Amino acid sequence: MGDHCVFCKIIRGEIPSNKVHEDDQVLAFTDIHPAAPTHVLIIPKTHIETIEDIPSGDHLVSLLTERAIQVAKQLNLREGYRLVINNGDNGGQTVYHLHLHLLGGRFMTWPPG
Ligand code: AMP
């Protein structure tokens, strides 16, 4: 666990969050600065900094994606949604604990800014 990692602190309950899903491997909670009417972060409970740190053959991204789909159904995002992983500084990653953004509730423009 990352002692100073904000998402590890959320997992440990040291920082409050609005949880929308939790199981033994994954936590999902609403983003504090929502970029869409629905903006949920899906994170592994283990501290992994980026997608590049996932061991080869590990199914973590599949697991996060499955949970995101489950949360999208739970939140009734029937008209679609966007799943995003920002990787590294130029990718827009600001929190170095792997997370999947689930964005919905409005039309998503493309390309992103
Ligand atoms: P990224 O830029 O892809 O690393 O995304 C990090 C996200 O974490 C941003 O959208 C932030 O708004 C969000 N965030 C940071 N701190 C918190 C927090 N304490 N609770 C909920 N979301 C947070």
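Now for a look at the structure at hand.

Calculation criteria
- Residues numbered from 1 in each chain as written.
- Predicted model: local features only at pLDDT ≥ 70, side-chain atom pairs only at ≥ 80, totals over all residues.
- Heavy atoms only, no water.
- Patch = residues over 30% accessible without salt bridge, like charges linked within 9 Å, V, L, I, M, F, W, Y side chains within 5 Å.
- Areas by Shrake-Rupley, 256 points an atom, 1.4 Å probe, with all protein chains shown as cover.
- Salt bridge = Lys/Arg side-chain N within 4 Å of Asp/Glu carboxyl O.
- Helix = DSSP H or I, 4+ residues; strand = E, 2+ residues; numbered from the N terminus.
- Buried < 20%, exposed > 50% of the residue type's maximum accessible area, 1.4 Å probe, protein only.
- Phe/Tyr/Trp six-rings, centres within 6.5 Å; stacked < 30°, edge-to-face > 60°.
- Pairing = 2+ DSSP bridges.
- Axes fitted to C-alpha atoms, helices over the stretch in contact; angles between N-to-C directions.
- Contact = heavy atoms within 4.5 Å.
- Near = heavy atom within 4 Å.
- Polar contact = N/O pair within 3.5 Å; in protein donor to acceptor, adjacent residues only side chain to side chain.
- Nonpolar A, V, L, I, M, F, W, Y, C, P; charged D, E, K, R; others polar.
- Expected span 1.5 Å × (residues − 1).
- Core = buried A, V, L, I, M, F, W, Y, C linked by side-chain atoms within 4.5 Å.

**Some thoughts on a nonpolar patch on the surface**
Then comes step 1: On the surface, Ile69, Tyr81 and Leu83 cluster together to form a nonpolar patch covering roughly 220 Å² of accessible area.
Then comes step 2: With respect to the helices and strands, the residue Leu83 is situated in strand S4 (residues 81-84).
Then comes step 3: Overall, the relative accessible area of 32% leaves Leu83 in the partly exposed class.

**Digging into the packing of aromatic side chains**
Then comes step 1: The tally for this structure, following the rule as stated, stands at 1 aromatic pair.
Then comes step 2: Ring centres of Phe7 and Phe29 lie 5.4 Å apart, and the angle between their planes is 80°; on these two criteria the pair is classed as edge-to-face. Here Phe7, found in helix H1 (residues 6-12), pairs with Phe29, found in strand S2 (residues 26-30); they are 22 residues apart in sequence, far enough to count as distant. Across the pair, Phe29 and Phe7 agree in class, each one buried.

**As for the sheet that holds strand S3 (residues 38-44)**
Then comes step 1: Reading across the sheet, the 5 strands line up as S1-S2-S3-S5-S4 and stay open at both edges, with antiparallel pairing between neighbours. Of all strands in the sheet, those with a lone pairing partner are strand S1 (19-22) and S4, marking the two edges. Direction aside, the axes of adjacent strands within the sheet are offset by 15° on average.
Then comes step 2: As judged from the 5 bridges shared by S3 and strand S5 (residues 100-104), these two strands associate in the antiparallel manner. For His39, the partnering residue across the bridge sits in S5 and is Leu103.
Then comes step 3: Where helix H2 (residues 60-74) meets the sheet, it contacts S1, S2, S3, S4 and S5, and its direction lies at approximately 150° from that of S3.

**Brief notes about the site of the ligand**
Then comes step 1: Looking at the ligand, there are 15 residues lining it, with Asp31, Asn86, Gly92, Thr94 and His101 nearest.
Then comes step 2: Within the backbone of Thr94, a nitrogen or oxygen atom sits 2.7 Å from an oxygen atom of the ligand.
Then comes step 3: In the environment of the ligand, an oxygen atom lies 2.9 Å from a nitrogen or oxygen atom belonging to the backbone of Val95.
Then comes step 4: Out of a free accessible area of 500 Å², the ligand has 84% covered by protein chains.
Then comes step 5: Mapped onto the shell around the ligand, the elements with two or more residues apiece are H1 and S2.
Then comes step 6: Here the shell around the ligand is built from residues that sort into 6 nonpolar, 8 polar and 1 charged.

**Some words on H2**
Then comes step 1: Taking 1.5 Å per residue as the helical rise, H2 with its 15 residues ought to reach 21 Å, and the 21 Å between its terminal C-alpha atoms agrees with that figure.
Then comes step 2: Contacts made by the buried residues of H2 are with S1, S2, S3, S4 and S5.
Then comes step 3: Positioned one or two residues after H2, Asn76 has a phi angle of 60°, which is positive.

**Structural notes on the nonpolar core**
Then comes step 1: If you look at the biggest cluster of nonpolar residues, it comprises 17 residues, and the most contacted ones within it are Val40, Ile42, Leu60, Leu64 and Leu102.
Then comes step 2: Looking at this core, the elements with two or more residues in it are S2, S3, H2 and S5.
Then comes step 3: Beyond its immediate chain neighbours, meaning those up to four positions away, Leu64 contacts Val26, Ile42, Ile43, Pro44, Leu98 and Leu100.
Then comes step 4: If you look at the next biggest cluster of nonpolar residues, it comprises 10 residues, including Cys8, Ile10, Ile43 and Val95.

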